[in-house]
Amino acid sequence: DFCVGAACYPETHPESPDAATDLRHTKAKVEAGADFLVSQLFFDNEAFFGWREGARAAGIEVPILAGIMPVSNVGQIKRFTQMCGASIPARLLERLESLPEDPVEVFWTGVQYAAHQCRDLLAPNMQNAFADPPRGVEGIHFYTLNRSPATRAIFEILRLARSAI
């Protein structure tokens, strides 16, 4: 047995003329046999949930994994987001740009932001827990770039937060 995954773009593929066209292409992937979707990286959960709501309304019912990339290098993440059409929320960008050129500070800032983002994606707060449609995600895909320390740190933070409840 095997299954097929396909990519999706919550903030629209950079080569797509518009969001509606991009959504039609995503739906065509599912109709062609994709069993699940993995989103391009994003930093704005509201943009992801809004896109997912539109995907569900368009008839896309397969699981959609949220694509998360912990920031570990400010210049690198700026280049990545430009290439893939993702945005960096102003408060995150301001924080990253205010840091001294200290890779440890950037690492922990990226881990902290991604951990909060994942917590919201996996276990939304009570005011959103009964939203229609539900706000939780089926899973998370981490873009690690062959570097796992940030992802491991996020996993431990989430595990500890879960056991504290």
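Reading guide: rules and limits
Residues numbered from 1 in each chain as written. Predicted model: local features only at pLDDT ≥ 70, side-chain atom pairs only at ≥ 80, totals over all residues. Heavy atoms only, no water. Salt bridge = Lys/Arg side-chain N within 4 Å of Asp/Glu carboxyl O. Helix = DSSP H or I, 4+ residues; strand = E, 2+ residues; numbered from the N terminus. Buried < 20%, exposed > 50% of the residue type's maximum accessible area, 1.4 Å probe, protein only. Pairing = 2+ DSSP bridges. Right-handed = clockwise from strand over helix to strand, strands pointing away. Expected span 1.5 Å × (residues − 1). Contact = heavy atoms within 4.5 Å. Polar contact = N/O pair within 3.5 Å; in protein donor to acceptor, adjacent residues only side chain to side chain. Phe/Tyr/Trp six-rings, centres within 6.5 Å; stacked < 30°, edge-to-face > 60°. Axes fitted to C-alpha atoms, helices over the stretch in contact; angles between N-to-C directions. Parallel < 35°, antiparallel > 145°, perpendicular 65-115°, else oblique. Left-handed = near helix turned anticlockwise from the far one by under 90°.

**Student:** How do you make sense of the pattern of salt bridges when you look at a structure like this?
**Tutor:** Side chains that differ in charge, positive against negative, can pair when their charged atoms come close. The final tally for this structure, using the stated rule, is four salt bridges. The salt bridge involving Arg159 is made with Glu156; its shortest N-O contact spans 2.6 Å. Within this pair, Arg159 and its partner Glu156 are both found in helix H7 (residues 149-164), separated by three residues, close to a single helical turn. Among the residues examined, Arg159 registers a relative accessible area of 44% and is labelled partly exposed.

**Student:** Is there a simple way to think about the pairing of strand E3 (residues 64-68) in this case?
**Tutor:** For E3, the tally of buried residues reaches four of five residues, placing the bulk of the element in the interior. Judged from the three bridges that link them, strand E2 (residues 36-41) and E3 form a sheet pairing that is parallel. Bridging from a neighbouring strand, Leu41 pairs with Gly67 of E3. Once the chain exits E2 it traverses helix H2 (residues 45-57) before rejoining the sheet at E3, and the crossover so formed is right-handed.

**Student:** Which parts of the structure should I look at to understand helix H1 (residues 19-31)?
**Tutor:** Because each turn of an α-helix spans 3.6 residues, side chains separated by three or four positions in sequence point in the same direction. Its 13 residues give H1 an end-to-end C-alpha distance of 18 Å, which sits within 8% of 18 Å, the value for a rise of 1.5 Å per residue. The set of residues buried in H1 consists of Thr21, Asp22, Leu23, Thr26 and Val30. Against the buried residues of H1 lie strand E1 (5-8), E2 and H2. One side-chain oxygen of the residue at the start of H1 lies 3.2 Å from the amide nitrogen of Ala20, identifying that residue as Asp18. After H1 finishes, the residue Gly33 shows a positive phi value of roughly 125°.

**Student:** Looking at this structure, how should I read the pairing of E2?
**Tutor:** Regular strands show a simple pattern: their side chains alternate between the two faces of the sheet. Burial analysis of E2 places five of its six residues in the buried class, which makes it a mostly covered element. Here four bridges tie E1 to E2, and the two strands are oriented parallel to one another. Of the residues in E2, the one forming a bridge with Ala7 is Val38. A crossover links E1 with its parallel partner E2, the connecting element being H1, and its sense is right-handed.

**Student:** It is not clear to me how the packing of aromatic side chains should be interpreted in this structure. Could you clarify?
**Tutor:** Given two aromatic rings, one states the distance between the centres and the angle between the planes to describe the pair. Applying the stated criterion across every chain yields a total of five aromatic pairs. With centroids separated by 4.7 Å and ring planes inclined at 5°, the aromatic side chains of Phe42 and Phe48 adopt a geometry described as stacked. Each of the two residues, Phe42 as well as Phe48, counts as buried. The interplanar angle of 85° and the centroid separation of 4.9 Å between the aromatic rings of Phe107 and Trp108 together place this pair among those described as edge-to-face.

**Student:** For this particular structure, what's the right way to read the sheet that holds E1?
**Tutor:** Pairing between the strands of a sheet is mediated by backbone hydrogen bonds and can be parallel or antiparallel. The sheet built from four strands is open, its strands ordered E1-E2-E3-E4 with parallel pairing. Of all strands in the sheet, those with a lone pairing partner are E1 and strand E4 (140-142), marking the two edges. Put simply, the sheet's adjacent strands are angled 30° from each other on average, direction ignored. Packing against the sheet, helix H5 (residues 103-122) makes contact with E3 and E4, and its axis sits at approximately 170° to E3.

**Student:** Which parts of the structure should I look at to understand the packing of helix H4 (residues 90-98) against H5?
**Tutor:** Interhelical geometry of H4 versus H5 gives an angle of 160° and a closest axis separation of 10 Å. Put simply, H4 runs roughly antiparallel to H5. As for how H4 packs across H5, the hand of that crossing is right-handed. Counting all contacts with H4, which are made through Arg91, Leu92, Arg95 and Leu96, the residues of H5 involved are Glu105, Thr109 and Tyr113.

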